[in-house]
Amino acid sequence: MKKILTNILAILFLGLVLSCQSVDKQEKPENLIPEDKMVNVLTDLLRLDAAENYSSIEFKKRKINTKNLIFETYQVDSLQFVESSRYYAENFKVNKRIYDSVQNRFENEKKYFDSLVKLDTQQKAAEKSKNALIEKSSTEESELKEKKTQLKIGEKPTKSKP
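Residues numbered from 1 in each chain as written. Predicted model: local features only at pLDDT ≥ 70, side-chain atom pairs only at ≥ 80, totals over all residues. Heavy atoms only, no water.

**A look at unusual backbone geometry**
Phase 1: Backbone geometry at Q75 places phi at a positive 55°, although glycine is not the residue there.
Phase 2: Of note, Q75 is situated in the loop between α4 (66-73) and α5 (78-90). (Helix = DSSP H or I, 4+ residues; strand = E, 2+ residues; numbered from the N terminus.)

**Description of the side chain of D44**
Phase 1: By secondary structure assignment, the location of D44 is in helix α2 (residues 35-54).
Phase 2: Taking relative accessible area as the criterion, D44 reaches 19% and is therefore assigned buried.
Phase 3: Discounting chain neighbours no more than four positions away, the residues touching D44 are I70 and Y74. (Buried < 20%, exposed > 50% of the residue type's maximum accessible area, 1.4 Å probe, protein only. Contact = heavy atoms within 4.5 Å.)

**Side note on the packing of aromatic side chains**
Phase 1: Following the criterion strictly, the structure yields 3 aromatic pairs and no others.
Phase 2: Note on F71 and F81: the rings are 5.5 Å apart at their centroids and 45° apart in plane angle, and the pair reads as tilted. Remark: F81 occurs in helix α5 and F71 occurs in helix α4; sequence separation between them is 10 residues. For the pair F71 and F81, one class covers both residues: buried.
Phase 3: Ring geometry for Y112 against F113: centres 5.3 Å apart, planes inclined by 65°, an arrangement best described as edge-to-face. (Phe/Tyr/Trp six-rings, centres within 6.5 Å; stacked < 30°, edge-to-face > 60°.)

Structure representation (structure tokens):
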């Protein structure tokens, strides 16, 4: 029994020693992308990535490299992006704030585009109602003209359809 207990303690001690290691923190890069710019870069990267996945054939035809396009737009190189991403990944609060900002932007854009779709639907419904009223009005007008004509020539007016 003592031998089993000694072995268990030895294994636990060995596990404790091996699990305690020094973790090197990522130093702040000299060319760290500022948070607000990182939000812009990530938002556009995700947007273009989604567009590329939706229409990959068009992107391949046009030989568009979305990452390079974004890096050129924001004047960032891939190494700078990777180092900044690593740095922010180790700083949970900052990283969460960045990704929450990206998510909020997409949610706001979705609300905006949803409101445009709703407005367009309402305008189409209003146009349809307007056209129906115009059509009804012109039908009633032509029926009135027909009745007037019939009255002038002395015919008995026909009953109009409801």
